[in-house]
Amino acid sequence: MKGPAVVMVGSLLAGWDIHKRQPPQEVAHRPRKRATTYDETITNEETRGGYFANCKLGTPGQDLTLQLDTGSSDIWVPDSVAKVCRDARNGGCSLGSFNPGDSSTYQVVGKGDFDISYLDRSSATGDYFSDVFTIGGATLQNMTMGLGIQTDIAYGLVGVGYALNEAIVGNTQSASSAYPNLPLNMVKEGLIHTVAYSLWLNDLDASSGSILFGGIDTEKYVGNLARINIYPTQRLYTAFIVALTSLEASSPSGSDTLTSREFPIPVVLDSGTTLSYLPIDLAMQVWKEVGAVYSSEFQLALVPCSLGTSQGKFAFGFAGPDGPKINVSMDELVLDLTTDTPPVFGNGRYSGQAACKFGIQNFTSAPYLLGDTFLRSAYVVYDLVNNQIGIAATDFNSTKSNIVPFPSASAEIPSATPVPNQAQATVQPAVTTPAYAASAGFTDIRDWKRAPFGASHLQLYHSLPLLSVMRVIRAVATLNSGRAAAARNGVRYYSLGCRVAMNAAAAPTLRWTARRHFSGSSISRAAALSAAELALKQAKEMAQANMTPEAVAARMSPEEKKRLSQVRNIGIAAHIDSGKTTVTERILFYTGRVKAIHEVRGRDGVGAKMDSMELERERGITIQSAATFADWRKKEDGQEETYHINIIDTPGHIDFTIEVERAMRVLDGAVMVLCAVSGVQSQTITVDRQMKRYNVPRISFVNKMDRMGANPFKAVEQINSKLKIAAAAIQIPIGSEKEFEGVVDLVEMKAIRNDGQRGVNVKVSKEIPAELKELAEQKRQELIEKLADVDDEMAELFLDEQVPTTAQIKAAIRRATIALKFTPVLMGSAIADKAVQPMLDAVCDYLPNPADVQNTGLDKSKQEAPVQLIPYNSLPFVGLAFKLEENPYGQLTYMRVYQGSLKKGQYLFNSRSDKKVRIPRIVRMHSNEMEDIAEIGAGEICAVFGVDCASGDTFTDGGLPYTLSSMYVPDAVMSLSIKPKRSSDADAFSKAMNRFMREDPTFRLHVDEESEETIISGMGELHLEIYVERLRREYKVECETGQPRVSYRETISQRADFDYLFKRQTGGPGDYARVVGFIEPNPHHPEENHFETRVVGGNIPDKFLGACGKGFQEICNKGPLLGHKVIGASMVITDGATHVTDSSDYAFNLAAQMAFRKVFPDAGGQVLEPLMKTTITAPVEFQGNLLLLMNKRGTIVDTDVGADDFTMIAECSLNAMFGFSTHLRAATQGKGDFSMEFSHYAPAPPHLQKELVAKHEADLAAKRTK
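Residues numbered from 1 in each chain as written. Predicted model: local features only at pLDDT ≥ 70, side-chain atom pairs only at ≥ 80, totals over all residues. Heavy atoms only, no water.

J.: I keep staring at the state of the cysteines and nothing clicks. Help me out?
T.: By definition, a disulfide links the sulfur atoms of two cysteines through a covalent bond. For the coordinates displayed, the defined rule picks out two disulfides. The disulfide partner of Cys85 is Cys93, and the S-S distance across this bridge is 1.9 Å. Since a negative S-S torsion denotes a left-handed disulfide, the Cys85-Cys93 link at about -75 degrees is left-handed. In this pair, the class of Cys85 matches that of Cys93, namely buried. At a sulfur-sulfur separation of 2.0 Å, the disulfide partner of Cys305 is Cys356. Here Cys305 and Cys356 share a disulfide; its torsion about the S-S bond, 100 degrees, makes the bridge right-handed. Of this pair, Cys305 sits in the loop between β21 (300-304) and β22 (313-318) while Cys356 sits in strand β26 (residues 355-358), and the two are 51 residues apart along the sequence. Owing to a relative accessible area of 24%, Cys305 belongs among the partly exposed residues under this scheme. (Disulfide = S-S within 2.5 Å. Buried < 20%, exposed > 50% of the residue type's maximum accessible area, 1.4 Å probe, protein only. Helix = DSSP H or I, 4+ residues; strand = E, 2+ residues; numbered from the N terminus.)

Quick look at the structure:
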């Protein structure tokens, strides 16, 4: 075997020779050093599927042989105490291991943080450490790497790829913690100029080559060295991905241009891969050209070993029509299958011939790979600084060397010319069927008839050591998901995924699959490659509209379409005491989720299922929204279909409106419950506003039809007039009040009654009561007319005076409801167990499934341009965390899955923080109960544990730069001061406050800087009262509450002169300071203070004048009247006197303070109170009430009267606004709302000033007597 005579010249270069041995033997260590150039022998051990380098580690150096990988950045070594190294029966760690105890420079930098896993179920875990590292005679003083303490891998790895693809220390999951990989460390320690290296593998027979750091060798390639771009991964560069844009086959018999639907193809140039992997359609064309046979036994395409002498070749083209082309001949593509006598073909055209594996295989999804079978024919320069690759045809068996170093860190690849028109690389060529003119020339057997793939079988010898097809591959990912198919603590097994149609299959005597491996470190390589795929493939597909909802729907499987069509995500929302929770309890009972019905204020003391909190059951109100799910079996066309319904029961009280807000943010539809007596009420209007804010279609259910005074048609009219949405009844009641027995369905014109215990039996009759027939016809006509106003198809039928069919009416109701133009109104009585089942049928008939609703995200890479999210399981994951809740198992995060699917153990990325998190547990919620599930599909609602996030955070699988708009959070309207009664409860109080703020965005807490009081703010008195009560019950913390201290200010209104002498004798050195001057209002900046000195003659030295200025600042921070800040004051020092021994900074500081305090009353000192700009909105009928209310609190500045509402703007004292929210609700029947913002400070009324000053002086006197 002939090796190259590599001559290393120039400075700041490092080079290694590469040699291959087969069968494997011990690697010879030949370090050589010339000036500042380093080279090292690297051996290609095909049984291990990679290249190996000799290294030394520690002080003194310990010999190890590590696997070299251009596609990885991690470095790790096996610990000598690892079980695999102590297993002499299996050879132990024959390539060496590391003993930390024998190294004096060993230092742990990440205890327990190292973790790398492979898909063949092997792994290594342990510590990250730093130590001295020597390779090729080059010594690096501080190299960080992993130590495999628990490992079943007998050799380590040294990666030289991008540092950001996996080299992360600790669990910070942040790119800022990436440690320098080998080439980056070589730059830091001055061994090479830039992070770049060139790779020359030579041909398969010679098995020799070199990898050169910091330069190129111009004698190792022929022709032009072309420079092409590497594609980024989410604006980061983590893998060597380029665009393969053409592939041609040629032989003595002719040539063919091969095409693929995948062009341009994102491919990774990776020396860590033995074979090359192309799309299925392209690989099968290549196989047909060479006559390859796909073997089900080996799951590989095989060829006769004799084909290695064929004259055929393949030309790989890159970066568009002007890019480089690399010829790969057959002698580089035919590889031994075993290290012993090869198996032979048992039948078919190649019967009796020795079988070899073919160097081009197939894979099912991008990104694809070009491994050693390609790289041996290409000289490649990897430039990790400019993110480019230089590529040219290899000069096989070159014995010359001319090394050209990179002159600087940012220099381009030497001697390389950029490829023009690289933008054309995204152009997809026409897909054609080749004529296979080159096929005969590959085999040179023109008369043989081609056999179909898979028509041959192999006769295998026993105990053959099979050669590893490949070692570490970054490309394993689920379809278009961009995430690796493995977890930190549970690695999934994948075969290579090669599949072809086969007509014949035999039971194999030996089954072997190629395994793809990857690291389980913090930044997944699979994510990198999949995101780069987006840069090539998805950009092209989007441009061709392949990702439109229509295109995705066309590709969606029938099973997926049916699953989506039977999913409903609904909320139950209404005014307080309209019966929402009672309705939900009946839904759960009739769907079989609960076995018995319990009432909100039932005598049994159990309470409704959805009111799981003790406070909710005591008060009979819903405080927190609760999620559940149920399956409803509905008969359609004589068949029973099962609908999966996710339900969120929301509070009705306005103080807990955030619960409704975030529920509406993630729901596809809603049931708006109204009281048959009261109709549309104040919180109904608020709920309507929230539904419109998030475009949530709704059906309306008029509840309490058994109450005295029930009038459903009044509610229908109010929906039309007050909520401004078209509505019509699709049912009329049978009987009223106590005589209410059921409803008449106006769509199908049937009578529906409930029978049996708890109304479990639904009786449907075509016979409508005679007294209701006329009313039913009238209301049905009103329904049709209302639909004609909002639906074009129904309008055409109406204008043509055609009677619509039942199916046409149902379709029109569904279209108009989903389009937010209409709400069908149903009626019943939940407490009486009547007409709830028809409402469930209406949920299935008229509310949308996830595919019917247009959900949009924001693309951060395109300045937050809106993008549509499609509820398809096979698309990249996008989800929204909409609610947080603490429970005994940790933080529970409620999540809506908008796109893709979520699996237990999957890794997600938080779009806000860019943190990577693992999902250890997924549950479905049933109020406060949980049901564990392994996977959740697109369009569903679930809850997950172990995710540290905030409410409103977006999660993706890392493949999409998307974020979702968060929910609207209203401003707090009421505040209280709060403190625990016992100081020992401070820790529990703090823990509770942190929890409450995380769970509820409308609950806020801050500490007032002036009063040092803890202030809590919320949506109203009940809101804050509930949290104070929860503090007492859940945390055993008794608290005192009160009005928060108002931040008053003090100021002066006129000039006053002072002449103050501060003199104090204490036996030793005393204090002496005299200051003369005046104070006056600051005319230029009325909210700022000003200090000035006009002393002449040196009566007060400059150092004491500075002390006077500090004294003035201190007295202004704690004013004379109330101890609040002083604003708008100016102090001028004009004269003074000092003492030889007694004057000091301290004395003049106190003199300035006391002079200001003494003269403050003479300067017209007064108290200022904050005035708030208050904006109030309420219905017009309450204008008079609000005028009376606001005249007592402030000055009305402006009013704006509209058709239905009016807006009033007033300036009010903050002190007068405490408790205002309660008075406003009383004055407007809960229909008014208000907001406040600070306006300015103004003098407080004289009587208030006197009260405040007297109270302050009394407090000071009380403190002095303690």
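There is more to say, and it comes next.
J.: I tried to follow the pattern of salt bridges on my own but got confused; where do I start?
T.: Between side chains of opposite charge, a pair can form when the charged atoms approach closely. Within the structure shown, the criterion is met by 47 salt bridges. The partner of Glu1034 in a salt bridge is Arg1030, with the nearest N and O atoms 2.9 Å apart. Taken together, the positions of Glu1034 and Arg1030, both in helix α18 (residues 1021-1035) and four residues apart, correspond to about one turn of that helix. Assessed through its relative accessible area of 36%, Glu1034 is described here as partly exposed. Among the residues examined, Arg1030 registers a relative accessible area of 3% and is labelled buried. Residues participating in the shared-partner salt-bridge network are Lys634, Glu636, Glu748, Lys750, Lys810 and Asp845. (Salt bridge = Lys/Arg side-chain N within 4 Å of Asp/Glu carboxyl O.)

J.: Help me understand the side chain of Gln1153, please; the structure alone is not making it clear to me.
T.: Relative to the assigned elements, Gln1153 resides in helix α20 (residues 1145-1159). Of note is the side chain of Gln1153, whose polar atom sits 2.8 Å from the side chain of Glu1114. Those residues in contact with Gln1153 that sit more than four places away from it in its chain are Gly1111, Glu1114 and Ile1115. (Polar contact = N/O pair within 3.5 Å; in protein donor to acceptor, adjacent residues only side chain to side chain. Contact = heavy atoms within 4.5 Å.)

J.: Could you clarify how one ought to interpret helix α14 (residues 792-799) in this entry?
T.: Given 3.6 residues per helical turn, the α-helix brings residues three or four places apart onto the same face. Taken residue by residue, α14 has Met794, Ala795 and Leu797 as its buried positions. Around the axis of α14, the buried residues are gathered within 165 degrees of arc, so they sit on the same side. Exposed side of α14, more than 90 degrees from the buried face: Asp792, Glu796 and Leu799 are the residues found there. Buried residues along α14 sit against α13 (770-790) and α15 (806-818). Two to three positions downstream of the cap, the backbone nitrogen of Glu793 sits 3.3 Å from a side-chain oxygen, assigning the N-cap of α14 to Asp791. Positive backbone phi, at 55 degrees, marks Glu801, one or two positions downstream of α14. (Arc of directions from axis to C-beta.)

J.: Explanation requested: the sheet that holds β26 in the structure shown.
T.: Pairing between the strands of a sheet is mediated by backbone hydrogen bonds and can be parallel or antiparallel. Read from one edge of the open sheet, four strands run β20-β21-β26-β24, paired in antiparallel fashion. Looking at strand neighbours, the two that pair on one side only are β20 (293-295) and β24 (334-335), the edges of this open sheet. Of the pairings in the sheet, the one linking β21 to β26 comprises three bridges and is antiparallel in character. The residue of β26 that forms the bridge with Pro304 is Ala355. (Pairing = 2+ DSSP bridges.)

J.: Sorry if this is basic, but what is going on with the side chain of Asp957 here?
T.: Here Asp957 is to be found in the loop between β56 (954-956) and β57 (962-963). Here Asp957 falls in the buried class, since its relative accessible area comes to 2%.

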